[in-house]
Amino acid sequence: MATTMITTLDRSSRAAARGLSDISIRNLFIIPTILFLIVFNIFPLIYSLGYSFTDFRASTNAPANFIGLQNYRDLLNDPYVWSNFAITAKYVIISVAGQLLVGFGVAMLLNRDIPLKGLLTTLLLLPMMLSMAVVGLFWKLLYDPSFGIINYALGLGTFEWLSDPNMALYAVALTDIWMWSPFVMLLSLAGLSAVPKHLYEAAAIDRAGPFYTFFRITLPLVAPILMIAVIFRTMEAFKTFDLAYILTSQPTAELISIRLYKMAFQEWQTGRSCAMAYIVLIMVLAITNIYVKYLNKVKER
Amino acid sequence: MTQIELSGVQKYFGAVQVIKDLNLKIDDNEFIVLLGQSGCGKTTTLRAIAGLETIDGGDILIDGKPVQHLKAADRDIAMVFQSFSLYPHMSVYENIAFPLRATRKSKAEIDQEVRSVAKTLQITDLLAKKPSALSGGDMQRVAIGRALVRRPKAMLMDEPIGALDAKLREEMRAEIKRLHIKQGSTSIYVTHDQIEAMSLADRIVIMHEGVLQQVGSPDDVYSHPANLFVAQFVGSPVMNVAEASVTEKASAASVTVGDAATGFEFPRALLSKLNGHAGGKLALGIRPEGVIVRHEAADGFLPVETQIVEPLGSFDIVDIKVGSRMLRARTKSGFVSGPGERVFARIDPAQAHFFDVASGRSLGVRL
């Protein structure tokens, strides 16, 4: 099948004159990419799977001893790790739900004829285009208890967003919502503008009110694309590291990836952190799978 | 019991006026067809009645009450769209039930209404399907069902069968007519297809460039077109229109087409009925079936030469040359063997129309 997709090389082309066949040209382009992937992605992936069954520490010269599933057993019995998972779950739910609400809401507002719509949309997309680290650094300034503009604007005095253990996680989630709502907005806007106008006219003729129209026409028709936004954002939120790491060091905001980082590069428990990385990977895969199943169901309608 | 009245309706799209001072009164149970070329304002008129377009002047009255400031939902009018506009994520049942559910009727009532409409339209076995699984004709039935289910004051249809193929169009045309006779609701139907208009309408409303041209029964519009536009728009094959001059002859009038050497013989009464317009610039309109062709010379028949012959199955359309002008005549199939044949033609005075060239208006001559 795949070979039939390749168009034959023009006999008179320069490549042909140099004696390059279709297949050699294909290889020329594809093999480096595949090599790159193998060296930097697939090899570490498999190698770390091996490490996850050992007590290897990268900071010592001691050889790795095979200890079977001991790392997995320890991790899954560690209440500390479980609390990290709970924090992460809370963070994912707050941040993805917030992004959906804000992003979809803004998209609804933008989905009409307003002046400067293009410019407005582009400006609203800016947060998404910034680097995570930069966003983290300047939100740290915004949240600052003594001179931060947020406290000044809201009249909160010296409220400590990032050092308050009860607030830190929400503050990080809020920043994430600010940064990634535009992404949901962009996808929602595409979905909303794809809903044919005549369906709204038909609904108006059928005497449907605005809420009925929204829940029965708009939402079901935008649902598949919204689902894609949810999948992307859930995966990303699950893996959040830089934003949370820069913003706060509160243990109540210690996401699983931060725990992983500390375990691997501060405590040098290489073998155990590999096991943890695998647990996270399996969880993300499982969640994504559930979403994709649901997405397919939505699409079928 | 629904009457719809448009009085002095004006509508602009930017600087372009798409509806110009439209006055129309539609009676209860009447089937009205708005007929015109694309861009003539007929769809805009329909959408204005439905409440999907605002108007810039005049009144739209439903049962005597002005509704131009009401939203579509408050006018209690159903509409069938050209694109069907079925809700793609709902089953046929849900589509038909939608208008009832939107107004929060009880479940049992909805079920009963939907099933009875489905039965009328013979789509009961399709109720569980999604619109994407339906054929064009079935989609149209569902769209009509959705409009019918709530027993609206009036049914508006915007080229509802324009997207179907020719054979299906003919079937659906008959079905819509049957349904109208059975259900009997005030209906307004928009189309650019004059055959559809003729076959469905109680009265046809012909529009051109936003201006109402003529309102009348299909027969009236066909036999007595009010102006040159209507004359040439209604009827297929198209009516012949040629500049003509009327002169007085011994015992009769003579109508000369273009620069022809001799004129066709008309009753003398024509002269008085033209009311002094005889001297002015006139156009003669004659439908192909009003041009009578025969092989033998006879009194009142002029010798002419055939040009092109278009065989159309049940009849032929033969182009005959009169002076430098071409007249299309309708003959029995195979009556003329081909181009270049010498035949004799006359014009049936009863089917002739005379128009004032300057204004395009019919002079109302009936012989």
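It should be emphasised that the depicted structure is a prediction, and the values quoted were computed from it without experimental measurement.

**Student:** Which parts of the structure should I look at to understand the overall build of chain B?
**Tutor:** Helix and strand content of chain B: nine helices and 20 strands. Projected onto the principal axes, the alpha-carbon positions of chain B cover approximately 80 × 45 × 35 Å. The buried share among the 367 residues of chain B stands at 53%. Across chain B, every contact between residues at least 6 apart in sequence was considered, and the portion connecting residues at least 24 apart equals 65%. Of the accessible surface of chain B, which amounts to about 16100 Å², a share of 49% is contributed by carbon and sulfur atoms.

**Student:** Got a minute to help me understand the packing of helix 10 (residues 210–239) of chain A against helix 13 (residues 270–300) of chain A in this structure?
**Tutor:** When two helices pack together, their arrangement is given by the angle between their axes and by how far apart the axes lie. All names here are of chain A. With their axes 9 Å apart at the nearest point, helix 10 and helix 13 run at an angle of 175° to one another. One way to sum up the angle between helix 10 and helix 13 is to call them roughly antiparallel. Side by side, helix 10 and helix 13 meet where Ala223, Pro224, Met227, Ile228, Val230, Ile231, Thr234, Met235 and Phe238 of the first sit next to Val280, Met283, Val284, Ile287, Thr288, Tyr291, Val292, Tyr294, Leu295, Val298 and Lys299 of the second.

**Student:** Even after reading the chapter, I still don't get the UniProt feature "domain: ABC transporter" (unreviewed entry) in chain B, so can you show me in this structure?
**Tutor:** When the UniProt feature table is mapped onto this chain numbering, "domain: ABC transporter" (unreviewed entry) sits at residues 4–234 of chain B. Counting secondary structure, residues 4–234 of chain B comes out at 37% helix and 26% strand; the distance between its end C-alpha atoms is 25 Å.

**Student:** Please clarify how empty space enclosed by the protein should be interpreted in this entry.
**Tutor:** One pass over the structure, following the stated rule, counts two cavities of 30 Å³ or more. In this structure, the largest cavity occupies an estimated 90 Å³ of space. Around the largest cavity, the lining residues are B:Phe31, B:Ile144, B:Leu148, B:Met155, B:Met157, B:Ile176, B:Leu179, B:His180, B:Gln183, B:Gly184, B:Ser185 and B:Ser187. Among the elements that line the lining of the largest cavity, the one with the most residues is helix 5 (residues 166–183) of chain B, at four residues. Of the residues contributing to the lining of the largest cavity, the split by class is seven nonpolar, five polar and no charged. Approximately 40 Å³ is the volume found for the second largest cavity. Every residue lining the second largest cavity is listed: A:Ile231, A:Thr234, A:Met235, A:Phe238, A:Val284, A:Ile287, A:Thr288 and A:Tyr291. Those elements giving two or more residues to the lining of the second largest cavity turn out to be helix 10 and helix 13 of chain A. The residue makeup of the lining of the second largest cavity, split by class, is six nonpolar, two polar and no charged.

Criteria and cut-off values
- Residues numbered from 1 in each chain as written.
- Chains lettered and ligands numbered in written order.
- Predicted model: local features only at pLDDT ≥ 70, side-chain atom pairs only at ≥ 80, totals over all residues.
- Heavy atoms only, no water.
- Helix = DSSP H or I, 4+ residues; strand = E, 2+ residues; numbered from the N terminus.
- Buried < 20%, exposed > 50% of the residue type's maximum accessible area, 1.4 Å probe, protein only.
- Contact = heavy atoms within 4.5 Å.
- Areas by Shrake-Rupley, 256 points an atom, 1.4 Å probe, with all protein chains shown as cover.
- Axes fitted to C-alpha atoms, helices over the stretch in contact; angles between N-to-C directions.
- Parallel < 35°, antiparallel > 145°, perpendicular 65-115°, else oblique.
- UniProt positions renumbered as here; feature names shortened; annotations may be inferred.
- 1 Å grid on protein atoms, 1.4 Å probe; cavity = no way out; pocket = protein on both sides within 12 Å on 5 of 7 lines; lining within 4 Å.
- Points joined across faces, edges and corners; volume = space filled by probe spheres on them.
- Nonpolar A, V, L, I, M, F, W, Y, C, P; charged D, E, K, R; others polar.

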